[in-house]
Structure formats: structure tokens, C-alpha cells
Amino acid sequence: MHLTLTAPAPVEARRGAAVQLSVLAAAAYVYAVAEMAPIGAMPAIAADLHVAESHVGMLTAAYAFVSVIATVPLVRATAHWPRRRVFLLTLMCLAVSQALSALSPGLMLLGASRVLCAATHGLMWSIVVPIGARLLPPNHTGRAATAVYIGTAAALVVGNPMTTWLSLAWGWRPTVGAVAVAAVVVALLARLVLPPMPADPPAPRPNQPGPLRNPRLITLCVLTMIGVSAHFASYTFIVPIVRDVVGIGGRDETWLLGAYGVAGLVTMAMLARVVDRRLFVTVIGSLGVLCLAFWVLSSSATGTSVVVGVLAVAAWGASAAALPPMLQSAAIRTCAEQPERASALYVTAFQIGILLGSVNGGLVYGHFGLAAVVATSAVLFAVTLAGVLWRRDTFPV
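Participant: Looking at this model, I keep getting lost on the pattern of salt bridges. Mind explaining?
Facilitator: Summed over the entire model, instances satisfying the criterion amount to two salt bridges. Across the pair R173 and D48 runs a salt bridge whose closest N-O atoms are separated by 3.0 Å. Placement of the pair is R173 in helix α7 (residues 172–193) and D48 in helix α2 (residues 42–49), with a sequence separation of 125 residues. When its relative accessible area of 26% is taken as the criterion, R173 is described as partly exposed. Take D48: its relative accessible area is 35%, and that puts it in the partly exposed class. Salt-bridge contacts for R243 lead to D244; the nearest nitrogen and oxygen are separated by 3.1 Å. Residue classification places D244 among the partly exposed residues on the basis of a relative accessible area of 47%.

Participant: Help me understand unusual backbone geometry in this model?
Facilitator: The general pattern is negative phi for most residues beyond glycine and trans for most peptide bonds. Here H50, not a glycine, exhibits a phi torsion of approximately 60°, which is positive. Note on placement: H50 falls in the loop between α2 and α3 (53–77). H50 gets classed as exposed once you look at its relative accessible area, which sits at 71%. One non-glycine residue with positive phi stands out, namely M197, at about 55°. When you line up the elements, M197 lands in the loop between α7 and α8 (215–235). Residue M197 is classed as buried on the basis of its relative accessible area, which comes to 8%.

Participant: What is the right way to read the packing of helix α11 (residues 279–300) against helix α12 (residues 306–334) from this model?
Facilitator: What describes two packed helices is the angle between their axes and the distance between those same axes. Running from N to C, α11 and α12 point in directions that differ by 150°, and their axes come no closer than 8 Å. In terms of orientation, α11 and α12 fall into the roughly antiparallel class. For α11 against α12, the interelement crossing comes out left-handed. Tallied by class, the residues present in the contact of α11 with α12 amount to 19 nonpolar, five polar and one charged.

Participant: So what exactly am I meant to see when it comes to the packing of aromatic side chains here?
Facilitator: Aromatic rings in a pair are described by how distant their centres are and how their planes are angled relative to each other. One pass over the structure, following the stated rule, counts seven aromatic pairs. Note on F294 and W316: the rings are 4.8 Å apart at their centroids and 65° apart in plane angle, and the pair reads as edge-to-face. Here the residue F294 occupies a position in helix α11, and W316 occupies one in helix α12, the gap between them amounting to 22 residues. A residue is classified by how much of its surface remains accessible, and F294, at 0% relative accessible area, is buried. Looking at W316, the relative accessible area reads 0%, which means it is buried. Ring pairing ties together the aromatic residues F232, Y235, Y260, F294, W316 and F381, which thus form one cluster.

Criteria and cut-off values
Residues numbered from 1 in each chain as written. Predicted model: local features only at pLDDT ≥ 70, side-chain atom pairs only at ≥ 80, totals over all residues. Heavy atoms only, no water. Salt bridge = Lys/Arg side-chain N within 4 Å of Asp/Glu carboxyl O. Helix = DSSP H or I, 4+ residues; strand = E, 2+ residues; numbered from the N terminus. Buried < 20%, exposed > 50% of the residue type's maximum accessible area, 1.4 Å probe, protein only. Axes fitted to C-alpha atoms, helices over the stretch in contact; angles between N-to-C directions. Parallel < 35°, antiparallel > 145°, perpendicular 65-115°, else oblique. Left-handed = near helix turned anticlockwise from the far one by under 90°. Nonpolar A, V, L, I, M, F, W, Y, C, P; charged D, E, K, R; others polar. Phe/Tyr/Trp six-rings, centres within 6.5 Å; stacked < 30°, edge-to-face > 60°.

This is the structure we're talking about:
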């Protein structure tokens, strides 16, 4: 009698899924670095192109605007394509866009070159979490979303500071070119490790509303827009908030910004397994921490100790990083028959929130100062928390 010993299939499956999710997270990382590159490389770009830094800052707002108007149409246009093909398309568009950006002779052409990756940004985020969810067993959408969003959190900790450093050491053009190379590398890895994933969504049930007629999804998108606006109203000015509100400057300022990102990474890792079982509780907890953190920061503007302000910034980073995967997981669950279209609406609401938050934050800052910006974020987060408590049915667990 002969016995054939093989490794347990579940172990192999878990290892394969871990590698695949890592590639998805790497794509999220590269896209996040590319989106925020004008912020880190702002002085270098402004000096090279002989324009004001404020004009360079408009590149990020323009990027969000293009993403808002392009996401839903592109998701519909590619709905019947294999998922891997769409994913690879978004990465190659990113690579081409960054290569053209590195060669741009002026600000107008630089902005035009970023339109391509801005247009596919929302498409990538609309499909990447549903792809991750298909790689894991059912009811693990939250875990898949968290794994993907670790790439975005890593961009805050490593990618964006590295962009700033490299733009000073090499210049902004080689730095942007390096992002293009990274996008090609991730695309090659994705081609190797991801299955084709044919687009074969189940037909909607007769009593199942489409995304635009799903009241739970619409409510979630509105709450997402308010919450993201709350975050970006202050995050757009996080450096002056750390310096002038908390009272930390110089090298300590850099360390605190790093702690902000690390806190987000740690929190996402801690909550990865909890999200699928306690989604409502984790959302409420994260929003509650954000309300408390911004109340403390509002108090810091009138004389709270530096240590308390530092803890508030770390709590802000921890909860702000943890919320997006929770919210996108909830969006997919509210419209399980059409997860990618649900994600497209969520991503659109998120990008609108970025636009509204950064613009409103700038207006409040210009007229009333940083203390008013922080207070505005606190109020908006409180409104978001109240909305979630009022519409608890939006979060099924």
C-alpha cells in the first residue's frame, strides 16, 4: 500500500490569497503615492516650472475632480471585461501617466498628463476590493478591504515622505519616473499571481434595487462624504495644525507625522479580523475616537498640554486609516448583487468628500484660522456619528 502525502489545501490557499492580496495592496500603495506626489514634491515642482506652490497644489484638487466625473462611467463601460484585465489597464494607465508627467515641460501639460491616471483612479478603487473579496471565503469582505487599504496607509508612512525626500535629492522628475516604473512592476506581478476572474455577476433579484435606488447605499455614501470632508478639512493642513495647534515643530514634527501613519497601520492590522464580525461596532468606535480627538485638538488651540495634543493626533491617524475599509465593505454588503457599482458610488462619494473638505478647510482657514478648521472637523465628525447611529441598518453587523 502506498500513501501520498500532500500539504493541506487550505494552507496553500491561504498562502496564495496572501500573495494576491499583497499585490492588490501594492497597487493601492502606488496609486496613493501618485495621487499625493504633488504635495510632497510641491517645492521642487514649483521651482522647476517657475510657478507658485498654490498652483501646484491645485493638481491634487483637479485629480479628485476628474476621478469624480469618470468613475461611474468607466465602471459601467468595463463591467463585462475580465477583472484582471481591467485591473492591469488601470496600472498601465498609471504608468503611462506618470511617465508623461516626468517629461512635462510646464504646469498645464503636467496637469493634463495626470488626467489619465485620475480617470482610472476611481475605476481601480471600485474593483480592487471586490477582487480581493473574491479571493477570500464568503463573508470576508471586511478583511479583504483592510488588506488592500494597508497599501494606502503604507503610502502615508513610507511613500509620501519618500517622495518628498527623493524630490529633494534627485529632483521631482526622476521621482515621478520611479512611480511609473513601480506601476509597471506591480502590473507584471498582478499578471502572474491573479486569476483572470471573468466578469460574471449574478442577475439582480426582482426585489433587489440597483445601487442608485438603494436607500442604504445612498445613505452610506452621504455619510461617507460628510466624514471624508471632516477629515480632509483638517488633513489638508495637518502640518500647520501639528506645528501651531499641537505645538510640535522641527524634527519632532516629522516624527509625529510618522506616528500618525504608523498608528493607522497598527489599527488596521488589529481590526482586520474584527471588521467582518463587528462592523457596526468598529465604525461607531472609530467615529467616536475621531470626535474625541478633534475635541481635544480644539481644546489644544486654547492651551491643552502638548502631550495630550500628540495623543490626539495619533488617535486621529489610527481611526482615519481604519474607517475607509470599513465603509467600503459596508457599501459592498448593502448591494451584494452589484459590488463594483456599489464601490463606484462609494469611491465617487469619497472623492467628492476630498474636494469639499480641502476647499472648505481652506476657506475656513483663510477667514477664521486653524482653530476653526479643527472645530469644523469635530462638528462634521459628530454629524457623521449621529447619522450612523440613526441609520444603523446601513451596517448589517
